[in-house]
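Below are the chains, spelled out letter by letter.
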Amino acid sequence: GAGVSQTPSNKVTEKGKYVELRCDPISGHTALYWYRQSLGQGPEFLIYFQGTGAADDSGLPNDRFFAVRPEGSVSTLKIQRTERGDSAVYLCASSPLPGSGYEQYFGPGTRLTVT
Amino acid sequence: EDKVVQSPLSLVVHEGDTVTLNCSYEVTNFRSLLWYKQEKKAPTFLFMLTSSGIEKKSGRLSSILDKKELFSILNITATQTGDSAVYLCASKNAGGTSYGKLTFGQGTILTVHP
């Protein structure tokens, strides 16, 4: 069956540009999470959606980062005025429900490189 | 601030060896401890542990949680080159607006030589 998909798989952009990263969760999964993984580190939480609303955006590093999930399915992570420090792999995960009994299924990630 | 620490950070072994990976955690609202294997990009799920002292097993892999001492171990017996990967441990949050949020350790890089 289809898993979590993310596009693009790789994105190279210049410092100061705007980028959008897309996540297609597993069909029917109501919970969606974005994480960021820097080289040699574990993933770090960015934002969590329950349905269409962002239930917890406490991990977003600053106001250049924003994410939406307008119809409760696909989500887009948007980064304005990119900086070299934003270079990382951005992972998306989905879960049937956010509850403790459910594991999160991860997508392959988008590797963002800011030059 | 929630914290998950894994050790060792890297490990090199030969095929057939047994390895033990460690994960300790200090988190508020703890619910579960999860282990993932990451080979290229997407972490793939291995185990979720909620109860203390109950071993979970899948083939050559097994894991157990100690909620009193706040740690978990992942064992891999008779290692194979295909076990080479980064192994991630994560704590799962129980409630509030962060329900289900994962806090990851930095990972253990396992390399298995033929």
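The structure displayed is predicted, hence computed values, not measured ones.

(A) Molecular detail of the interface of chain A and chain B. If you look at the interface, chain A gives 27 residues, while chain B gives 21 residues. Summed over both sides, the interface between chain A and chain B buries roughly 1900 Å², with carbon and sulfur atoms accounting for 54% of that surface. Connecting chain A to chain B are zero salt bridges. Summed over the shared surface of chain A and chain B, the number is three residue pairs in polar contact (both at pLDDT 80 or more). Within the residue set of the side of chain A that touches chain B, elements represented by two or more residues are β4 (31–37), β5 (44–50) and β6 (53–56) of chain A. Tallying contributions element by element places β4 of chain A first for the side of chain A that touches chain B, with three residues.

(B) Seen up close, the sheet that holds strand β6 (residues 56–58) of chain B. Residues and elements named next belong to chain B. Strands sit in the order β1-β3-β8-β7-β6 across an open sheet of five strands; the sheet is antiparallel. On the outer flanks of this sheet lie β1 (3–7) and β6, each paired with one strand and no other. Taking each pair of neighbouring strands and ignoring which way they run, the sheet shows an average axis angle of 15 degrees. Taken together, the five bridges between β1 and strand β3 (residues 19–26) define a ladder with antiparallel strand orientation. Bridged to Val5 within β3 is Ser24.

(C) Here's a closer look at empty space enclosed by the protein. Residue and element names in this part refer to chain B. With the rule as written, the count across this model stands at one cavity of 30 Å³ or more. Roughly 30 Å³ of internal volume is contained in the largest cavity. Lining the largest cavity we find Asp2, Val27, Thr28, Ser91, Lys92, Asn93, Lys101 and Thr103. Of the residues contributing to the lining of the largest cavity, the split by class is one nonpolar, four polar and three charged.

(D) View of the side chain of Gln38 of chain B. As for its position among the elements, Gln38 of chain B is in strand β4 (residues 30–38). Using a relative accessible area of 7% as the deciding quantity, one classes Gln38 of chain B as buried. Looking at Gln38 of chain B, its side chain comes within polar contact range of the side chain of Gln37 of chain A, at 2.8 Å. Excluding residues that lie within four positions of it along the chain, Gln38 of chain B makes contacts with Gln37 and Leu91 of chain A together with Pro43, Ala85, Val86 and Leu88 of chain B.

(E) View of the state of the cysteines. In the structure shown here, the tally under the stated rule is two disulfides over all chains. Residue Cys23 of chain A pairs covalently with Cys92 of chain A via a disulfide, S to S 1.9 Å. Classification of the bridge connecting Cys23 of chain A and Cys92 of chain A rests on its S-S torsion, roughly -65 degrees, and on that basis the disulfide is left-handed. Of the two residues, Cys23 of chain A is situated in strand β3 (residues 19–24) and Cys92 of chain A in strand β9 (residues 88–95); the sequence distance between them amounts to 69 residues. For the pair Cys23 of chain A and Cys92 of chain A, a shared accessibility class is recorded, and that class is buried. Each sulfur of the disulfide joining Cys23 of chain B and Cys89 of chain B lies 1.7 Å from the other. Taking the sign of the S-S torsion, about -55 degrees here, the bridge from Cys23 of chain B to Cys89 of chain B comes out left-handed. One end of the pair, Cys23 of chain B, is in strand β3; the other, Cys89 of chain B, is in strand β9 (residues 85–93), with 66 residues separating them in the sequence. We classify Cys23 of chain B as buried; its relative accessible area is 1%. On the basis of relative accessible area, Cys89 of chain B is assigned to the buried category, the value being 0%.

The rules we used
- Position numbers for residues start from 1 in each chain and track the written sequence from start to end.
- To read the labels, note that chains go from A and ligands from 1, taken in the order they are written.
- Local features in this predicted model are restricted to residues whose pLDDT is 70 or higher, and side-chain atom pairs enter the listing and the counts only when it is 80 or higher, whereas totals over whole chains, interfaces and linings include all residues.
- The side-chain figures draw on all heavy atoms in the structure; neither hydrogens nor water molecules are used.
- Contacts: residue pairs with any heavy atoms within 4.5 Å of one another.
- As a working definition, buried area equals the accessible area (1.4 Å probe) given up by two parts on being put together, with both sides summed.
- Salt bridges are defined by distance alone: a side-chain nitrogen of Lys or Arg within 4 Å of a carboxyl oxygen of Asp or Glu.
- Definition of a polar contact: a pair of N or O atoms within 3.5 Å, with one able to donate and the other able to accept a hydrogen when the atoms are protein atoms, and with sequence-neighbouring residues admitted only if both atoms are side-chain atoms.
- Here a helix means four or more residues in a row that DSSP labels H or I, a strand means two or more in a row labelled E, and each is numbered from the N terminus.
- A pair of strands is considered paired only if DSSP assigns at least 2 bridges between the two.
- Throughout, an axis means a line fitted to C-alpha atoms (over the contacting stretch in the case of helices), and angles, computed between N-to-C directions, take values from 0 to 180 degrees.
- Both cavities and pockets are sets of points on a 1 Å grid over the protein atoms alone; in a cavity a 1.4 Å probe fits but cannot get out, in a pocket the set is open with protein on both sides within 12 Å along at least five of seven lines, and lining residues sit with an atom within 4 Å of a point.
- Grid points are joined across faces, edges and corners, and a volume is the space filled by probe spheres set on the points.
- Basically, the charged four are Asp, Glu, Lys and Arg, the nonpolar ten are Ala, Val, Leu, Ile, Met, Phe, Trp, Tyr, Cys and Pro, and anything else, Gly included, counts as polar.
- Residue burial is assigned from relative accessible area. The probe radius is 1.4 Å, only protein chains are included, and a residue is buried under 20% of its type maximum, exposed over 50%, and partly exposed in between.
- Only a pair of cysteine sulfur atoms within 2.5 Å counts as a disulfide in this structure description.

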